[in-house]
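These are the residues of each chain, in order.
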Amino acid sequence: MKITCTIFLLSSLLNLAFSQTKKEIKYDLSCLETDAISTSTSLFGDVEKDLLNMFGTEVTIAEEIELGETLLKEITNTFTFIEKGEKLKKIEYILSKLKKEIFSPKGFDYKIYLIDTTMLNAFTLGGKIYFTTGMYNFCTNDNEIACIIGHEIAHNELGHINDQIKRSKTATTFLGDDAGGVTAMIGNVLTTPFNQKNEAHCDLVGIDLAYGAGYAVCDNVKLWERMSLDEDSDNIMGIFSSHPYSIKRSDCSKRHIESNYNLKCPK
Ligand SMILES: [Zn+2]
């Protein structure tokens, strides 16, 4: 009897897992394929990821979090944080809502920091997310902020940063390139752009988190349209430095929202 119950319980759990799988969102990145360069970059990204998984050094979540702590110390010494006020409260609140929407979280303790600079940037390491006041002011509403913070969460949850660290560690181990220890590794991780496919994937996952938290995600389409007008500005870095070009990201977002959420985003 006990065995039967266990089997029943197991099959119920499997059914649950199956029904959640069925509801899974589809990530169609074919919107990138009109650009020959982006397609080859993403293919190379896949091959490289497979090689890293086979031969690369393992990187745990705990290591990622530890590197995040080290980066926080370095950023504290370099930049000024806004430590109180409405802007900080708002991004903290948006993060708290998005966190609840993560499907199968990897275990990061997400925190967000507001850096006082006109640079348009957002970046992340080990669950710590950095958002600049330049970026805050560029966003016209909470929906846009939510999509950007969601994008940064996605880099952690999809293992993109783990791959960057793995790449850096593997180079150190196999190529003997031990030129600067942890600081150099963090530098590599932050300055090596993610490939276009990763960036576009994070846009879409960011939209999913924002949609789940109740934000109007069509605003992400407008955000990237606006960004495309500003594309050559020197102020743009980080989240924007490895294109898909903004207008393409806008198109990818629109297609994702319309095919998965039955919404029509106005152009
Ligand atoms: Zn990104």
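The shown structure was predicted, so the numbers you read here are calculated from the model rather than taken from an experiment.

### Some words on the environment of glutamate 92
- For glutamate 92, the position within the fold is in helix α4 (residues 86-99).
- When its relative accessible area of 37% is taken as the criterion, glutamate 92 is described as partly exposed.
- With 20 residues separating them in the primary sequence, glutamate 92 and isoleucine 112 have C-alpha atoms 6.3 Å apart.

### Concerning the coordination of the zinc ion
- Around the zinc ion, the protein contributes the donor atoms His151 (NE2), His155 (NE2) and Glu199 (OE), at 2.1 to 2.2 Å from the metal centre.
- Spacing between the donor residues of the zinc ion along the chain follows H-x3-H-x43-E. Remark: glutamate 199 occurs in helix α9 (residues 196-212) and histidine 155 occurs in helix α6 (residues 142-157); sequence separation between them is 44 residues.
- On the accessibility criterion, glutamate 199 (2% relative accessible area) is buried.

### Overview of the confidence of the model for the chain
- Looking at the chain as a whole, its pLDDT mean stands at 80, while 72% of the residues score no less than 70.
- Counting interchain partners and residues more than four positions distant, the pLDDT-below-50 stretch residues 1-22 has one contact.
- Across residues 35-44 the pLDDT falls below 50, and counting only partners more than four positions away or on other chains, this stretch makes nine contacts in the model.

What counts and what doesn't
The written sequence of each chain sets the order in which its residues are numbered from 1. Since the coordinates come from a predicted model, pLDDT governs what is reported: local features require at least 70, and pairs of side-chain atoms require 80 or more to be given and counted, while whole-chain, interface and lining totals use all residues. Water and hydrogen atoms play no part in the side-chain values, which are based on all heavy atoms of the structure. Working definition: helices are DSSP H or I runs of at least four residues, strands are E runs of at least two. Numbering for both runs from the N terminus. Under the scheme applied here, a residue whose accessible area is under 20% of the maximum for its type counts as buried, over 50% as exposed, and between as partly exposed, the area being computed with a 1.4 Å probe on protein chains only. Each metal site lists N, O and S donors within 2.8 Å (3.2 Å for Na, K and Ca). With water left out of the atoms, a site can look as if it is missing ligands. Per-residue confidence from the prediction method is given by pLDDT, with values spanning 0 to 100. It only takes one pair of heavy atoms within 4.5 Å for two residues to be counted as in contact.

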